[in-house]
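# Structure at a glance
Residues per chain are reported as follows:
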Amino acid sequence: MNQDSDSSDQPTGQDPLLLLKTLQLLWTKQELRKQLKEEIRRGFAGLEDPLAGLLAMLENSSDWKGKGHSLGYYITTELQLWIKEHPAVPQSGIELKKLQARVLRMLSQCPANLLDPLISIYQLHTADRNYLLEHVSHLYLKGDYKEAAILSIKLKLQPDQDVEKMCIPLLLQDKANVVEDYVGEYPELQSKLLQILDSWCEPGVNIRDITRPYQGLSRYKPEKFNHRTLSKLVFRLLDRFHVDPALCPNVVNQRHLRTLNYLFYKRFVEKTMTEENWADHVQSTAGDSRCLQGHLVQLLLRHCPGRAARWARHWGLPADVLPPGLAEELPELHTQQRVEEATKADNYEDSKKKDCYQLPIPRENIHFLQTWEETLQCWEKVLQPGQVVGVDMEWKPSFGMVGKPRVALLQMAVKDEVFLLDLPRLLEQAELEGEKEKLPRFIQMLYSDAAITKLGYGMSGDLSSLAATCAALKDMEKQLHGVVDLLTVDKQLQKGCSEWRKDGRKVDGLSPEHSHEERGVRQQEKGLSLLVHHVLGKPLDKTEQLSNWEKRPLREEQILYAASDAYCLLEIYERLCRDPESFGLSSDLMESLVGKRSIKPRAKKQLNKQEPLSPSGQQCQGSQMETSCAPTPVSPREFSVVCDNMLQGLGRYLRCLGVDVRMLDNEDDHRKAAEIARQEGRVILTSGLPYQTLQSQVGEGRCFSVNCSEKAKEQALQVLKHFNVQVSLSDIFSRCQVCNCSKYLKVSRERMRQLVEGSKQALQEPSAVCPGSQLCDVAVPARETAQPGCTTHGEQPEELEQRGADAVLGGGTVLQVGAIPPGVLDRAELTDFYCCSCCGKVFWEGSHFGRVVSQFRDVLVASGDAQSIYELS
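Report follows, based on the coordinates. Keep in mind that this is a model prediction, so the values were computed, not measured. Throughout, residues of each chain are indexed from 1 in the direction in which the sequence is written. Two thresholds apply to this predicted model, a pLDDT of at least 70 for residue-level local features and 80 or more for giving and counting side-chain atom pairs, whereas whole-chain, interface and lining totals are computed over all residues. Calculation of side-chain values draws on the structure's entire complement of heavy atoms; hydrogens and water are dropped beforehand.

### Digging into the environment of Met476
Position of Met476 relative to the elements: it lies in the loop between helix H22 (459–469) and strand E6 (483–485). Whether a residue is buried, partly exposed or exposed follows from its accessible area with a 1.4 Å probe, protein chains only, as a fraction of its type maximum: under 20%, in between, or over 50%, in that order. Taking relative accessible area as the criterion, Met476 reaches 2% and is therefore assigned buried. Placed 28 residues apart in sequence, Met476 and Ser448 show a C-alpha to C-alpha distance of 8.2 Å. Strands here mean DSSP runs of E at least two residues long; helices mean DSSP runs of H or I at least four residues long; both are numbered from the N terminus.

Here is the structure:
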C-alpha cells in the first residue's frame, strides 16, 4: 500500500488497512464508539473483497489476540452479521481455499470467542478434511495440544483422530474439561477413552511408564495424573455420558475395595452398623469376585480371625488365603464366633433400647403399604386440612457408584400412626394398570397444599431423590407450600448454644452439660439424631440407616427405624411450638415457621443422602425458609476455606473471587483439612466419604459438602450462597491463583522492560555487572488490578533488585519475568504489570481482566452487585 497516496477522494474503507486505522481511532475513544458499527458496515460495503479485507485487518493488528471483547472480535462478529444480510458475498473455489489457508494459520492464536465466527465466515467445515487434519497435526507436533484439541472439536475432526494420542497430553496438563468436550458428542470415543483410562488403573500398571514420554511437556502436572484422579475422572465420565460401568472393571473394582474398607470401618471402628446390614452390603459388594472376597478376609484377619474364617468358609476360598494352621481350626472358630456374636448382639440391643428414642405408638399402628387399595387409607388421613405430617424417605446407599439414588421407602407420620409406602412396588403396580400418574399426583397434592403442614429434616435432598425416582415429580420443588424444614430450627439451636456460652444464660436442653462436646452424646451422632436428643432427651438409633432398603421383605428393625425417623418429627415440632423459649428459640421464629411454611427450590440438587455427604446441615443448601435465618453477609476477604484435594478446581475458582483458600495436595490425608481448619479458623470444603469424618472434627457449620460431579463454577455458587458471601467487582482477581497471596506489586512497563532485558543480558553474559537495586512503583493489594491507576496510601515501596538473570524482591521472591510473551511489552495500552509478592508470578491487565470478569457475571448476579453488572453490560 502506498502510504503517501491521496485517499481523500476515496470512500472510507476502500483499503482495509485505512479502514482499520479509522476503526482503531473510534475504538480508543469511548465517546465515538457509537459510530463504530455504522463505520464497519460502511467499510465492508466499500471493500472489493470483505473476507480478504477482514484477514488483512486481523493480520495487521494484535489486539484480537487478547482474550475478551477486542476490536478484532467486534469487527469479525459485525462482518458475520453483515454477510447474513448480503448472502452473495461468500466466495468459493480457489480464492476461498486461499483464504481458508490464511485463516487456519491464525486460529491457533485466536481466543475462544473468535473461533466460531471465523470458522463460519470462511466456511472451514467445507474445507478439505485431510488438509484440516494435517493442520491440527502440525499444532500437535508443536506442543499446542489444547489448541489442537479445541480446533478439532470446532471442526468435528475427532472421528479421524487417535483419541489416546490427543487426550494424554491434555490430562497431563490438567485439562480434563477439554478431554470431556473432545469426546462429548461421540459415544464410541467415550467408550474408547474410558477403556483406555481403565486399563491404566489395572493392578501392576505403573502410571509413570505412561507419562514418561511426556516429561518435557510444558505445564506438565504429574501430581494430577495418578490412580486416584484417574478413578475420579472415569466415574465422572461414566455418570456424564451414561455409560455402563461394566466397561471399566478395574476402576469399579477399586471403588468396591474402598467400599469394603468403609464398611469395615463402620462396623468395627465406629460400630454404627448392625451385623445384618454389614453382611448384606459386604455380600453385594464383593459378589463373586475372588479378589474382593480375599481383600475382606485379609481385613478381618487383623481384627477377628474367627470372622475371617467364617467368611472364607462361606465363600469357599482356598486355604492359602488364610494363615497357616487357621484353616484346620475353621469349624471350631465358626461355632465359637456365632455364640460370641449372638451374646454381644443381645447385650447391645438391650442397652440400645434404653439409651435411644422410643417410638411412642403400638406396632399395629405402623402400616406397610404395597397396594393402591392399602394406600387409600393413608391418603384419606394425610390429605386433611390442618393435618401435620412428618415425611422422610429411605434408599439404598450407593457407596459412590454411578447413578442417582432412587427412593425405596416413603414414610408419612400423623398423630398416632405411621404409613410406610413401598414406592417401587406401588409405581410398578400403577404402570401395569396404566395409571402411572396416579401416585405422583397424590404426592404433588400433599406437597402443594398450604393447609397441610409437612415436616422434614433436610428436605431438599429427599425431594431431589424423589424426583430422580419418578420423572413426573421433577418440578415439584417449584410447587411447594406448607413445608417446614426442621434443619432450620436445628441451626438456631446450635446458635442458641453458642450464645449461652457468651452470656451465661441457661437454656433448657442446651446447658453446658448438653453442649456438643460435653452433653454425653456419642461422637457419631449428628443431624436429626442430635436434634432429637436436644429436644426429646434421647438420640435416634441410626444403626439401620445404611440398610439395603430395596431388599424385601424389610426386617422388623428396619420398619421400626423408618417409622421412628418420621414420627419423631411430629414430637419435635409439637414440643418446640409449645415452648420455644425454653430451647433458646424466639417465639417469632416459631410463628414464622407456622405461618410461612414453605421452602425455596434448590439451585443445584445434592442427591445422595445415605453417603456421608449428607449428615447434619448439608441438605439445606438453597432451602432456607426464612431470610432471617441466613448467615450474615461477608466479603470474600473475610471468608477463608481449606479445600479437600478432590476440589482443587473449586479452590482455584474461589481464589479468582478473592476468597482466602488453602488446598490439600493430592497425597495429603483428608484429616489434614480438619487440622488446618482448627488452627486457622477456616471452613472445610469437601465431598463424598470424607465429609462424615471431617465434619465431626470441627465446629458446627465449619464443614461443607459440595457435589463433586458439578463444575467448579456451580460448586462455587453453591458455597457462596450457603455462606452468604457477597462478591463485588473489586474482589475478582484480588488474590494470586497460584499461591493465594493477597498483595501484588505494581511495576511500570518501562521498569519491567528493563528487568526483562537485564535478564536476557545476564543469560548471554554471565559475568556482566547487573544494575543496582531500584524501587518498584508501589505495593498494592491484589484487588487493585481491577483499577491499575490506583495506589494505596500507607504502603511502603519494596526493593526490587536485579541479581544475575533474576529480578528479586526484598523478601527474596524471584519475579517470573521470563514468562512474559514477546510483544506484550510493546502494547501501547499496557502501562503497568502486577507481580505477586509471594511467588513472583507476573500479571498484566490488557483484555484478560475483562474476559475473566465477564466469566464471573453469574457470581456477581448471585451476589446482587448491580453496579458491577451494569459496568459489564
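Moving on, there is more to tell.
### Re helix H19 (residues 372–382)
Three or more residues of H19 are buried, namely Trp372, Thr375, Cys378, Trp379 and Val382. Summarising the axial view, the buried residues of H19 lie within an arc of 100°, below the 170-degree limit, and thus occupy one face. Exposed residues on H19 whose side chains face more than 90 degrees from its buried face are Glu373 and Glu380. By definition in these notes, contact holds between two residues if any of their heavy atoms fall within 4.5 Å. For H19, the secondary structure elements touched by its buried residues are strand E1 (366–369), strand E2 (388–394), strand E3 (409–414), strand E4 (417–421), helix H20 (423–432) and helix H21 (438–448). Comment: arc refers to directions from the helix axis out to C-beta atoms.

### Focus on the side chain of His281
For His281, the location among the structural elements is in helix H15 (residues 275–286). The residues touching His281, leaving out its near neighbours within four places in the chain, are Leu263, Met273, Pro397, Phe399, Leu546, Ser547 and Asn548.

### Overview of the sheet that holds strand E8 (residues 660–663)
Here we have four strands laid out as an open sheet, ordered E8-E7-E9-E10, and parallel in their pairing. For this open sheet the edge positions go to E8 and strand E10 (703–705), each flanked by a neighbour on one side alone. Averaged over all adjacent pairs, the angle separating strand axes in this sheet is 25°, with direction ignored. Here strand E9 (residues 683–686) runs beside E10; their pairing, made up of three bridges, is parallel. Bridged to Ile684 within E10 is Cys703. Where helices are involved, their axes are fitted lines through C-alpha atoms of the stretch in contact, as for all axes, and angles between N-to-C directions lie from 0 to 180°. Taken strand by strand, helix H27 (residues 648–656) contacts strand E7 (640–643), E8 and E9, and its axis lies near 155° from that of E8. Against the sheet, helix H30 (residues 712–723) makes contact with E9 and E10, and its axis sits at roughly 140° relative to E10, the strand it touches most. Two strands make a pair as long as DSSP finds a minimum of two bridges between them.

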